[in-house]
Number of protein chains: 2
Amino acid sequence: MNCDICRYVKEADNPVFESKYWIVFLADEQAYLGRCFVTLKRHCGDIAKLDNKEWLELLGVIRKLENAVKEAFGPSLFNWTCLMNLAYQNNPPNPHIHWHFMPRYSHEVNFTGMTFVDLEFGSHYAREKERPRKVSGRIKNEIVGAIRKRLKTA
Amino acid sequence: MNCDICRYVKEADNPVFESKYWIVFLADEQAYLGRCFVTLKRHCGDIAKLDNKEWLELLGVIRKLENAVKEAFGPSLFNWTCLMNLAYQNNPPNPHIHWHFMPRYSHEVNFTGMTFVDLEFGSHYAREKERPRKVSGRIKNEIVGAIRKRLKTA
């Protein structure tokens, strides 16, 4: 079946990094500076069907990404979610596992001349539609670069 | 430091089940029938600091819980989130890892004379405050019982 996420994985356009089973992309929406998607490379729609190797590698990816973003921008904590709701707007649904990674900030961050403020700190994140903040391709590249240069080899 | 979640774990009041490192409680809010918390038994506030054994056991807990809830109530998918935002309303914050488990339904479910409808199916879940549905202790026990009797030993 046609899967947009599989296509996105295959194109691998400027990922922050990738491991054997997972690939990390910066989100277009940067209301939470450093927001990323952590996507399974193979097509699978249910966490319960991940095998142990994939799951264990995910923990390594989480550690690596959290550490780098902490060093780059100093967030206070991270929200992780795996939802896949949109896939169920299609019939039949064709979900593909991806994690939403949202750094959360108790303080303003200035980066590349922009100010990022986490208005919901201490509370639930706002959905993209509630507080959209698309950044330009140039700013996106700079954010990716700032994270990438803090990545430690696992 | 004082931790409400540690106290909750220690009391272990009617958990759905527990494993060596994790304990599963049914949430008071049941707008999404079968909503649970999957809580780490030891006090730790950052997923990146979980050890491999704890992480691997979590996958087993996810499989066990998803399978049982699927058999009990027939949800279409599951949303998993690890947020810990509220802990950051305190200074200093004292987060304790817990996962929110939200079964999502394309169809109404009738259980114990009540009708459960997932008004947001195919979209982001509503936060508890947006659509509260507290159930009585008796109904909660029946939901726990329905899940518990479908649990397979791992």
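For the structure given in this document, a descriptive report is provided here. (Residues numbered from 1 in each chain as written. Chains lettered and ligands numbered in written order. Predicted model: local features only at pLDDT ≥ 70, side-chain atom pairs only at ≥ 80, totals over all residues.)

## Observations regarding the overall build of chain A
Okay, so step 1: Secondary structure summary: chain A contains three helices and seven strands in total.
Okay, so step 2: When the elements of chain A are put in sequence order from the N terminus, they spell out α-β-β-β-α-β-β-β-β-α.
Okay, so step 3: Per-residue burial for chain A yields a buried fraction of 32% across its 154 residues. (Helix = DSSP H or I, 4+ residues; strand = E, 2+ residues; numbered from the N terminus. Buried ≥ 20, exposed ≤ 12 C-beta atoms within 10 Å, placed from the backbone.)

## Some remarks on the interface of chain A and chain B
Okay, so step 1: Listed as interface residues are 29 residues of chain A and, on the opposing side, 29 residues of chain B.
Okay, so step 2: Going through the elements one at a time, α2 (52-73) and β4 (77-82) of chain A are the ones with two or more residues in the side of chain A that touches chain B.
Okay, so step 3: The greatest single-element share of the side of chain A that touches chain B, amounting to seven residues, is contributed by α2(A).
Okay, so step 4: Looking at the side of chain A that touches chain B, its residues break down into 15 nonpolar, 10 polar and four charged. (Contact = placed C-beta atoms within 7 Å. Nonpolar A, V, L, I, M, F, W, Y, C, P; charged D, E, K, R; others polar.)

## So, the relation of the copies chain A and chain B
Okay, so step 1: With an RMSD of 0.0 Å, the operation that places chain A on chain B is a rotation of 180 degrees combined with a shift of 0.0 Å along the axis. Such a turn and shift between the copies fits a two-fold axis. By C-alpha distance to the rotation axis, the residue of chain A lying nearest is A:T81, at 2.1 Å.
Okay, so step 2: Interface overlap between copies is the fraction of interface residues in one copy that are interface residues in the other; for chain A against chain B it reaches 100%, indicating a shared surface. (Least-squares fit on C-alpha atoms with pLDDT ≥ 70 in both.)

## What to know about unusual backbone geometry
Okay, so step 1: Cis geometry marks the peptide bond from A:N91 to A:P92, where omega comes out at 0 degrees.
Okay, so step 2: Along the chain, A:P92 falls in the loop between β4 and β5 (98-104).
Okay, so step 3: Notably, B:N14 is not glycine yet its phi reads approximately 55 degrees, a positive angle.
Okay, so step 4: Relative to the helices and strands, B:N14 resides in the loop between α1 (4-11) and β1 (17-18).

## Section: the sheet that holds β1(B)
Okay, so step 1: With antiparallel pairing, 10 strands are arranged side by side in an open sheet as β1(A)-β2(A)-β3(A)-β5(A)-β4(A)-β4(B)-β5(B)-β3(B)-β2(B)-β1(B). Strand pairing shows two members of the sheet lacking a second neighbour, β1 (17-18) of chain A together with β1 of chain B, which therefore form its edges.
Okay, so step 2: One ladder, built from five bridges, connects strand β2 (residues 22-26) of chain A with strand β3 (residues 36-40) of chain A; its direction is antiparallel. Residue A:F25 lies in a different strand from β3(A), and its bridge partner there is A:F37. (Pairing = 2+ DSSP bridges.)

## Examining the pairing of β2(A)
All names here are of chain A.
Okay, so step 1: A large share of β2 lies buried, amounting to five of its five residues.
Okay, so step 2: The alternating pattern of β2 places W22, V24 and L26 on one face and I23 and F25 on the opposite face, and all of these are buried.
Okay, so step 3: The sheet contact formed by β1 and β2 spans two bridges and is antiparallel. Looking across to β2, one finds that F17 is bridged to V24.

## Thoughts on helix α2 (residues 52-73) of chain B
Residue and element names in this part refer to chain B.
Okay, so step 1: The terminal C-alpha atoms of α2, which comprises 22 residues, lie 32 Å apart, in line with the 32 Å expected from a rise of 1.5 Å per residue.
Okay, so step 2: Of the residues making up α2, those classed as buried are E54, L58, V61, I62, K64, L65, E66, A68, V69 and A72.
Okay, so step 3: In this fold, the buried residues of α2 make contact with β2 (22-26), β3 (36-40), β4 (77-82), β5 (98-104) and α3 (137-148). (Expected span 1.5 Å × (residues − 1).)

## Thoughts on the packing of α2(A) against α2(B)
Okay, so step 1: Between α2(A) and α2(B), the shortest axis-to-axis distance is 10 Å and the interhelical angle comes to 130 degrees. Regarding the angle of α2(A) to α2(B), the classification is oblique. The handedness of the crossing between α2(A) and α2(B) is right-handed. Seen from α2(A), the contacting residues are A:N52, A:W55, A:L56 and A:L59; seen from α2(B), they are B:N52, B:W55, B:L56 and B:L59. (Axes fitted to C-alpha atoms, helices over the stretch in contact; angles between N-to-C directions. Parallel < 35°, antiparallel > 145°, perpendicular 65-115°, else oblique. Left-handed = near helix turned anticlockwise from the far one by under 90°.)

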